[in-house]
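A closer look at the structure
In case you want the letters, here they are:
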Amino acid sequence: MESSGARETPRKILVIEDEAKIAEALLAYLKSAGYEASAASDGESGLSAFNSLNPDLVILDLMLPKISGEKLCSEIRRVSRVPIIMLTAKTGLDDKVAGFALGADDYVTKPFSPRELLARVGSVLRRSGASPLFSRMSWNGGDLEIDLESREVWKRGHPAALTPNEYKILALLAKHPNRAYTREELIDAALGENFGGFERVIDSHIKNLRGKIEDDTANPLYILTVRGVGYRFGYGGRTETKALR
Ligand code: CA
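Please read all numbers here as calculations on a predicted model, not as lab measurements.

On to the overall build of the protein, then. Helices and strands together make up the secondary structure of the protein, namely eight helices and 13 strands. By residue count, 46% of the 245 residues in the protein fall in the buried class. Sequence separation of 24 or more characterises 59% of the internal contacts of the protein that already satisfy a separation of 6 or more. In the structure as shown, the protein presents an accessible area of about 12300 Å², 52% of it carried by carbon and sulfur atoms.

Moving on to the sheet that holds strand β12 (residues 230-233). What the three strands build is an open sheet, ordered β10-β12-β11; its pairing is antiparallel. Single-partner strands in this sheet number two, and they are β10 (181-182) and β11 (223-226). Taken together, the four bridges between β11 and β12 define a ladder with antiparallel strand orientation. Looking at β12, one finds that I223 is bridged to F233.

Further remarks concern the coordination of the calcium ion. Taken together, D18 (OD), D61 (OD) and M63 (O) make up the full set of protein donors to the calcium ion, lying 2.1 to 2.3 Å away. In primary-sequence terms, the residues that donate to the calcium ion follow D-x42-D-x1-M. Separated by 43 residues along the polypeptide, D18 in the loop between β1 (12-16) and α1 (20-32) and D61 in strand β3 (residues 57-61) bring together distant segments of the chain. You can call D18 partly exposed: its relative accessible area is 32%.

Low-confidence regions, as indicated by low pLDDT, have predicted coordinates that should not be scrutinised in detail. Taken over all residues, the pLDDT of the protein has a mean of 82, while the share at 70 or more is 82%. Predicted confidence is poor over residues 1-8, with pLDDT under 50, and the contacts of this stretch with residues over four places away or in other chains come to 10 contacts.

What follows concerns the packing of helix α2 (residues 43-53) against helix α3 (residues 69-79). Where α2 contacts α3, the axes come no closer than 11 Å and their chain directions differ by 20°. By the angle between their directions, the pair α2 and α3 is classed as roughly parallel. Crossing geometry of α2 relative to α3 is assigned as right-handed. Of the residues in α3, those in contact with G43, L47 and F50 of α2 are L72, E75, I76 and V79. Of the residues contributing to the contact of α2 with α3, the split by class is five nonpolar, one polar and one charged.

So, about the pattern of salt bridges. In the structure shown here, the tally under the stated rule is 14 salt bridges. In this structure, E17 engages K110 in a salt bridge whose closest nitrogen and oxygen atoms are separated by 3.0 Å. Highlighted residues: E17 in the loop between β1 and α1 and K110 in the loop between β5 (106-109) and α5 (114-130), separated in sequence by 93 residues. Exposure class is identical for E17 and K110. Each is buried. A salt bridge links E116 to R120, with the nearest nitrogen and oxygen atoms 3.0 Å apart. Pair noted here: E116 and R120 are both in helix α5, with a separation of four residues, about one helical turn. Here E116 falls in the partly exposed class, since its relative accessible area comes to 31%. Among the charged side chains, a salt-bridge network with shared partners connects E17, E19, D61 and K110.

Now for the sheet that holds β1. What the five strands build is an open sheet, ordered β2-β1-β3-β4-β5; its pairing is parallel. Looking at which strands have only one partner, the edges of the open sheet turn out to be β2 (36-40) and β5. The average undirected angle you get between the axes of adjacent strands in this sheet is 20°. Pairing geometry for strand β4 (residues 84-88) and β5, over four bridges, is parallel. When the bridges of β5 are listed, I85 appears paired with D106. Contacting β1, β2, β3 and β4, α1 crosses the sheet at an angle of about 165° to β2. Packing of α2 onto the sheet brings it into contact with β1, β2 and β3, and relative to β1 it is tilted by some 170°.

Conventions used here
Sequence positions are assigned chain by chain, starting from 1 and proceeding in written order. In keeping with the predicted nature of the model, local features appear solely for residues at pLDDT of at least 70, side-chain atom pairs appear and are counted solely at 80 or more, and the whole-chain, interface and lining totals rest on all residues. Side-chain measures here rest on the full set of heavy atoms in the structure, leaving out hydrogens and waters. Each helix corresponds to a stretch of at least 4 residues labelled H or I by DSSP, and each strand to a stretch of at least 2 residues labelled E; elements are numbered beginning at the N terminus. Relative accessibility under 20% of the residue-type maximum defines a buried residue, over 50% an exposed one, and the middle range a partly exposed one, all with a 1.4 Å probe and only protein chains included. Note on definitions: a residue-residue contact is assigned when non-hydrogen atoms from the two residues lie within 4.5 Å. Residue exposure ignores everything except the shown protein chains as possible cover, and the areas themselves are Shrake-Rupley values with a 1.4 Å probe. Two strands qualify as a pair provided that DSSP identifies no fewer than 2 bridges between them. Listed donors are limited to N, O and S atoms within 2.8 Å of the metal, widened to 3.2 Å for Na, K and Ca; water is not among them, so incomplete-looking sites are possible. Confidence of the predictor at the level of single residues is given by pLDDT, which spans 0 to 100. Under this scheme, a helix contributes an axis fitted over its contacting stretch, all axes are lines through C-alpha atoms, and angles between N-to-C directions fall in the 0 to 180 degree range. Should an angle fall under 35 degrees it is called roughly parallel, over 145 degrees roughly antiparallel, and 65 to 115 degrees roughly perpendicular, with every other angle called oblique. Handedness of each helix crossing follows the sense of rotation of the near helix against the far helix: counterclockwise by less than a right angle gives left-handed, clockwise gives right-handed. Polar here means any residue other than Ala, Val, Leu, Ile, Met, Phe, Trp, Tyr, Cys and Pro, which are nonpolar, and Asp, Glu, Lys and Arg, which are charged; Gly is therefore polar. Salt-bridge detection follows one rule: a side-chain nitrogen of Lys or Arg within 4 Å of a carboxyl oxygen of Asp or Glu.

What follows is the structure, encoded as structure tokens:
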């Protein structure tokens, strides 16, 4: 079971908004609701904050200096399926349609009530935890493919024949590229809290996984070791993702 509830650390939310008053108010509400929230005030710093923070959700203003919200949304979607809520003063239906086309998960128009926004944040996080936005992920021109619906994995078009535990570990890492997981987190999140295994059990699963999906297990492309931490997914520079909807 990949229950996000197993995670003990607070969910990280990145607010990218150039209006200081709105950003400050949002941070205060999010923090009081138990989230770990940070803010960036333009598109450029928003993108670097996104890359360094690996947030669980992004609240993105549409009208931003330096890089527009639209551009930023597509930039983020190129590498991540993180939930995005667009925030904007625009109210036209066309803008909503455009926002969803760019990959936003929800849309809130200003002025909004903090309670409404918090409700949207909660519901988008629940939705993204329950069902993936993308059913099938593919890397390096089909070198590796994962179908999150059928739970199948292919290496250059051939079934990789993963065990259920190997699949759970790989799917968890792949769905959160760049996030480094400790062995304990991988056990809790992928194998279940009642697994009760030793942390080194993860290492043997990783070794077997690499044997099935890496060309060179000594220089892995997908399952990377993070020294002193654990493991993270490396997508080898190129990702294509097929949208489920
Ligand atoms: Ca703005």
